[in-house]
Amino acid sequence: MKKLIVKNKEGEELSLVFREYREGDEYGMIACIRDEYGDTYFKRGFYEPEYIRKQSREGKIIFFVAETKEDGIAGMMILKRFYPEETMCEMASQIFRKKYRGYGIAVPFIKYGMKMLLSENYSAAYSLPVLFHSVTQRLLYREGFRAAGFLLNVFDMDTITHSYHRDRNGKHSLGIQIMAVKKRDAGVLCLPEEHWEFCQKIYDSLGVACKISDGKKGVPERERSDITFMEDKRQSSIEIRIRRIGRDLIYKIQQLHTLFPLRGKQTANIFLNCNDEYAAGAYRMLKRMGYFFTGIKPLCSEQEYMVLHHPGEVKIFFEEYVLHDNFETVMQYVKTCYEERQTEEKNK
């Protein structure tokens, strides 16, 4: 628990307590979510008190609240664990009631959460900040997080309400922001040569060692790929994880495209294990299918992942994103990859 007093620009004081969630806090937390998002927050379970209690009891999510004497819960934040599949910890869902903006609560609240995160044995600290404002990006950068890429076109904006500026993007994207904790060596990364320099700069910014190679060429020796996927029907998004690359890779991706046709608002993001010796070749095959490079997801598990995106029929307005300088540099690179993809699609 941490007590503090903060002031807004008018000099008005606010007395706060930061603490871990206790059963009974769910309704105040849900009120924070409704104040910002109405009934449209994409983490649908957070509207269910029993879901919050269950996630907390099982240790999958650590919930924190910012509490005032006057109104009770003024804000919330979570640390999300991904064991056993992944070894990082995600800092997410920092949401304040609108009346408490302007008091500078976000900075000390993040520091409070980071103190607990860094006390555990995680490989990395991880965040997926929104791109319709840059507050979280900026504050996490100050804590040591660095931009590594993007998950593009994840959320259908027709299903989400928020109080920030609405731009021309019909689907909303997220940044990938990372801080190395326990994992300090990414091993051998089998990357396409055109992205070597970019990826090396990302790992250098994280203070992590890696060796970059173009891996094995030709047809994979193994027959079967190891692929999993998650579909979000409400958001018309699919997330595909390629853990191991086999000869059937393209067939399996084509099967998913048949199940989830990339029409209308349907989009796909791929995490491609770039410690796999055939990753560079797989990237080239996926690129021919219409995917393009959007960065990396480093240090989150035993494997390192390259991130690819297929926009389907969705147009991306990169200039509409609100970005901190660290993300702006990465976005300019990703935009170039997208423009190259658009040219190739026109020439097919």
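None of the values given here were measured: they were computed from a predicted structure. (Residues numbered from 1 in each chain as written. Predicted model: local features only at pLDDT ≥ 70, side-chain atom pairs only at ≥ 80, totals over all residues. Heavy atoms only, no water.)

Draft legend 1. Main features of helix α1 (residues 26–37). Across its twelve residues, α1 extends 16 Å between first and last C-alpha, which sits within 8% of the 16 Å expected from 1.5 Å per residue. Taken together, the buried positions of α1 are Glu26, Met29, Ile30, Cys32, Ile33, Glu36 and Tyr37. When α1 is viewed along its axis, its buried side chains cluster within an angular range of 150° and face the same direction. Residues of α1 that are buried make contact with α2 (49–57), β3 (61–68), β4 (72–81) and β5 (89–96). Two residues or fewer after α1 comes Gly38, characterised by a positive phi angle close to 60°. (Helix = DSSP H or I, 4+ residues; strand = E, 2+ residues; numbered from the N terminus. Expected span 1.5 Å × (residues − 1). Buried < 20%, exposed > 50% of the residue type's maximum accessible area, 1.4 Å probe, protein only. Arc of directions from axis to C-beta. Contact = heavy atoms within 4.5 Å.)

Draft legend 2. Region of the structure containing the packing of aromatic side chains. A full pass over the atoms with the stated rule returns 21 aromatic pairs. With 5.6 Å between their ring centres and 80° between their planes, Phe64 and Tyr112 make a pair best called edge-to-face. Note that Phe64 is positioned in strand β3 and Tyr112 in helix α3 (residues 106–118), a separation of 48 residues in sequence. For Phe64, a relative accessible area of 1% corresponds to the buried category. (Phe/Tyr/Trp six-rings, centres within 6.5 Å; stacked < 30°, edge-to-face > 60°.)

Draft legend 3. Focus on the side chain of Ser236. Summarising the element assignment, Ser236 is placed in the loop between β11 (226–232) and β12 (237–244). Ser236 has contacts with Lys171, Lys265, Gln266 and Thr267, leaving out every residue within four places of it along the chain.

Draft legend 4. Molecular detail of the pattern of salt bridges. Taken as a whole and assessed by the stated rule, the structure comprises 31 salt bridges. Taking the shortest distance from any N to any O, the salt bridge between Arg168 and Glu320 comes out at 2.9 Å. Of the two residues, Arg168 sits in the loop between β7 (146–156) and β8 (171–180) while Glu320 sits in the loop between β15 (305–310) and α8 (325–346), which places them 152 residues apart along the sequence. Across the salt bridge formed by Lys287 and Glu340, the nearest N and O atoms sit 2.6 Å from each other. Of the two residues, Lys287 sits in helix α7 (residues 279–288) while Glu340 sits in helix α8, which places them 53 residues apart along the sequence. One network of salt bridges, in which partners are shared, links Glu85, Glu86, Asp226, Arg241, Arg243 and Lys297. (Salt bridge = Lys/Arg side-chain N within 4 Å of Asp/Glu carboxyl O.)

Function cannot be inferred from these measures alone, as they are strictly geometric.
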